[in-house]
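Here is how the chains run, residue by residue.
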Amino acid sequence: MALIVQKYGGSSVGNLDRIHHVADKVIKARQQGHNVIVVVSAMYGETDRLIRLANALTQHHDPREYDVLISSGEQVSMALLSMALNAKNYPARSFTGPQIGICTDSIHTKARILEVKTDIIQRELDQGRIVVIAGFQGVNEIGDITTLGRGGSDTTAVAIAAALKADECQIYTDVDGVYTTDPHFLPAARLIPQISFEEMLELASLGAKVLQMRSVELASKHNMPIRVLSTFSEGSGTLVTFEDKVMQKRLVSGIAFSQEEAIISLSGVPRELGVEGHILGKVSEANIEIDMIAQNASIDNKSDFTFTVNRREHAKAMEVVEALAAELGSITVKTNAKVAKLSLVGIGMRSHAGVATTMFKALGKEGINIQMITTSEIKISVVVDEMHLERGVAAVHQAFELDKPHKTTNTSLFE
């Protein structure tokens, strides 16, 4: 008998028919002798509906009350799924995050889990029940409801699995695993049977939306394997695990991209000690996150300083930069809010040269100009015009033969 934590996203519990379908999948695991804990998101579109209500009422939300509001969707899902399971004669009981004892810090809307209490869950399992838990939420030290940020139900599931030392944490979604790139964007994308925590972290941070980045961090820290599966089709999905357990280490595992980028460039920046820190400090003081950074020395003891921000923060960033340009004097500001970031990720890059060359040649053949480049041990990211992103992803995907199927077998607990 295994202990399995299953998480079902909003599309999986989007209506009553789908909730019945999820109940059947949970029952299948129970019939195979497994103890099952289920974590659910709000029904598809419900959190967005609640946010619209809050915004229509006021643009200045009290963070505490905002969390009380947007956490309510998961409570509906957990109760309905428990009702469905009980109606099918499989005893189940639902709990909110605060009821179960998911303790967090007090940073509303993006809280971090500090502790998961296991006594109530274990008691219910010992009594033969299926435990259904609301994802995305917890409670702080003074008893206030907190939420974990978008995708936070993934983190809830991994945290519960780690606390109970489960055999596997299964994340059910509307795709049947992790692909070499977004299959909705590029139909030639292939399913990856196994991928390392490190690669998955990079892909999640670079725009891949299959798993929340914080959930992968937590799984890696606690040695908790994650399996990404489809709610709507059968298969063994993608196993996210440690590098030494990945059977086939490809040179490049996947391509991530982000279409929410904006680039800002300052020309003629004086080459004075600490000026870069001053620029970045002013941007950070405005609570604007900077992604990629590049600097090039130019003539007359001047330099060009370029960075990217999320597109939704572009206007605010430009206000800061224009003020800096006036302060520093003789600086030209250029910007482009229609750029995209394309990234290659693969643990095979550690031991192979020429990855960047292959990538740049593939983009060059398509006439795609690279505006910025950053690299790490297992990642290469470039900024290109947004209009060229689709062709760029396709060209790089083909250049690294990612359209060819993986050969690794991938056995799940259900096989």
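Everything below is about the structure printed above this text.
Below or above, wherever it landed, is the structure these notes cover. The model shown is predicted, which means the values in this text are computed figures rather than measured ones. (Residues numbered from 1 in each chain as written. Predicted model: local features only at pLDDT ≥ 70, side-chain atom pairs only at ≥ 80, totals over all residues. Heavy atoms only, no water.)

1. Quick word on the environment of Lys361
So, step 1. With respect to the helices and strands, the residue Lys361 is situated in helix α12 (residues 355-365).
So, step 2. A relative accessible area of 55% means that Lys361 is categorised as exposed. (Helix = DSSP H or I, 4+ residues; strand = E, 2+ residues; numbered from the N terminus. Buried < 20%, exposed > 50% of the residue type's maximum accessible area, 1.4 Å probe, protein only.)

2. Some thoughts on the packing of helix α1 (residues 16-31) against helix α4 (residues 72-87)
Angle between the axes and distance between the axes: these two values describe a pair of packed helices.
So, step 1. Their axes nearest at 9 Å, the elements α1 and α4 cross at an angle of 60°. Taken together, the axes of α1 and α4 lie oblique to each other. Every pair of crossing elements has a handedness; the one defined by α1 and α4 is right-handed. The segment α1 lies against α4, with Leu16, Ile19, His20, Val22, Ala23, Val26 and Ile27 engaging Leu80, Leu81, Ala84 and Leu85.
So, step 2. Of the residues contributing to the contact of α1 with α4, the split by class is 10 nonpolar, 1 polar and no charged. (Axes fitted to C-alpha atoms, helices over the stretch in contact; angles between N-to-C directions. Parallel < 35°, antiparallel > 145°, perpendicular 65-115°, else oblique. Left-handed = near helix turned anticlockwise from the far one by under 90°. Contact = heavy atoms within 4.5 Å. Nonpolar A, V, L, I, M, F, W, Y, C, P; charged D, E, K, R; others polar.)

3. Quick notes on the environment of Asp144
So, step 1. Summarising the element assignment, Asp144 is placed in the loop between β7 (137-139) and β8 (145-147).
So, step 2. For the pair Asp144 and Leu239, spaced 95 residues apart in sequence, the C-alpha separation works out to 35 Å.
So, step 3. Within the structure, the side chain of Asp144 is placed 2.8 Å from the side chain of Arg64, a separation counted as a polar contact. (Polar contact = N/O pair within 3.5 Å; in protein donor to acceptor, adjacent residues only side chain to side chain.)

4. Looking at the packing of aromatic side chains
So, step 1. Taken as a whole and judged by the stated rule, the model has 4 aromatic pairs.
So, step 2. Taken together, a centroid distance of 4.7 Å and an interplanar angle of 15° make the contact between Tyr8 and Tyr172 stacked. With Tyr8 in strand β1 (residues 3-8) and Tyr172 in strand β9 (residues 168-173), this pair connects stretches of sequence that are 164 residues apart. Accessibility classification places Tyr8 together with Tyr172 in one group, the buried group. (Phe/Tyr/Trp six-rings, centres within 6.5 Å; stacked < 30°, edge-to-face > 60°.)

5. Re the sheet that holds strand β18 (residues 379-385)
So, step 1. Taken in spatial order, the 6 strands make up an open sheet running β14-β15-β13-β16-β18-β17, and their pairing is antiparallel. Strands at the two margins of the open sheet, each flanked by one partner only, are β14 (290-297) and β17 (372-376). Taken pair by pair, the neighbouring strands of this sheet meet at an average axis angle of 25°, ignoring direction.
So, step 2. When β14 meets strand β15 (residues 302-310), the two strands line up antiparallel, connected through 6 bridges. The residue bridging Ile293 from the neighbouring strand is Phe307, located in β15.
So, step 3. Packing against the sheet, α12 makes contact with β16 (332-345), β17 and β18, and its axis sits at approximately 20° to β18. (Pairing = 2+ DSSP bridges.)

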